[in-house]
Amino acid sequence: MFVVGWSGMLRSSEIVGLPWRDVHFTSTGELMLYLPRTKTDPGAGSWVLLSAPEGRVINPGLCLQQLRDLVRVVDQDDWVFRPSLQAEALRSKNTVAPRLKKALARAGISGAELYAAHSLRRGGPTHAAKMGVPLRFIKVMGHWKSDTVREYLY
């Protein structure tokens, strides 16, 4: 969940509202997500391409392929990120932050309590900017319509 949210620069609602039917794996290993509605494009829909060069430690496509195999997806309408293997209900966007804090604390990250779900949305564009991705591409990738994205970079 965190790798996909961070690399896709997704909002919490976009993370928890993702069904398997909107997850597409390309023949070259990239991952494409279809977001039927976003905060900036309600109802218009948009595509998000998540790519990772071969050999990268963080590979969202590989993470979701392994998750799909683990949960043995049968129904394409199932939610990608469920509270448990038995749960079928949509997880609330308000559960992303507590899960993130718990995961960071388990990983031994100091200050884990300072992180929020929006840290994923901020971290993705910050990393992209540090890697030299032009701001106009970051805006497209994170589906920002304005220059608000500048406030996300730190």
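For the structure, see preceding data.
Keep in mind it's a predicted model, so treat the numbers as computed, not measured.

Calculation rules
- Residues numbered from 1 in each chain as written.
- Predicted model: local features only at pLDDT ≥ 70, side-chain atom pairs only at ≥ 80, totals over all residues.
- Heavy atoms only, no water.
- Helix = DSSP H or I, 4+ residues; strand = E, 2+ residues; numbered from the N terminus.
- Expected span 1.5 Å × (residues − 1).
- Buried < 20%, exposed > 50% of the residue type's maximum accessible area, 1.4 Å probe, protein only.
- Arc of directions from axis to C-beta.
- Contact = heavy atoms within 4.5 Å.
- Polar contact = N/O pair within 3.5 Å; in protein donor to acceptor, adjacent residues only side chain to side chain.
- Core = buried A, V, L, I, M, F, W, Y, C linked by side-chain atoms within 4.5 Å.

Take helix α3 (residues 60-71) next. Over its twelve residues, α3 runs 16 Å from end to end, which matches the ideal 16 Å to within 8%, given 1.5 Å per residue. Looking at α3, one finds that the buried residues are P60, G61 and L64. All buried residues of α3 project into a common sector of 100 degrees when viewed along the axis, lining one side. In α3, the exposed residues that point more than 90 degrees away from the buried face are D69 and L70. The inward-facing, buried residues of α3 abut α1 (2-8), β1 (23-25), β2 (31-35) and β3 (46-50). Near the N-terminus of α3, the side chain that reaches the backbone nitrogen of G61, with its oxygen 3.1 Å away, is that of N59. Downstream of α3 by a residue or two, R72 has a phi angle that is positive, lying close to 50 degrees.

Here the focus is the nonpolar core. Judged by nonpolar contacts, the single largest core of 22 residues is most densely connected at V23, L33 and L64. The element best represented in this core is helix α4 (residues 96-106), accounting for four residues.

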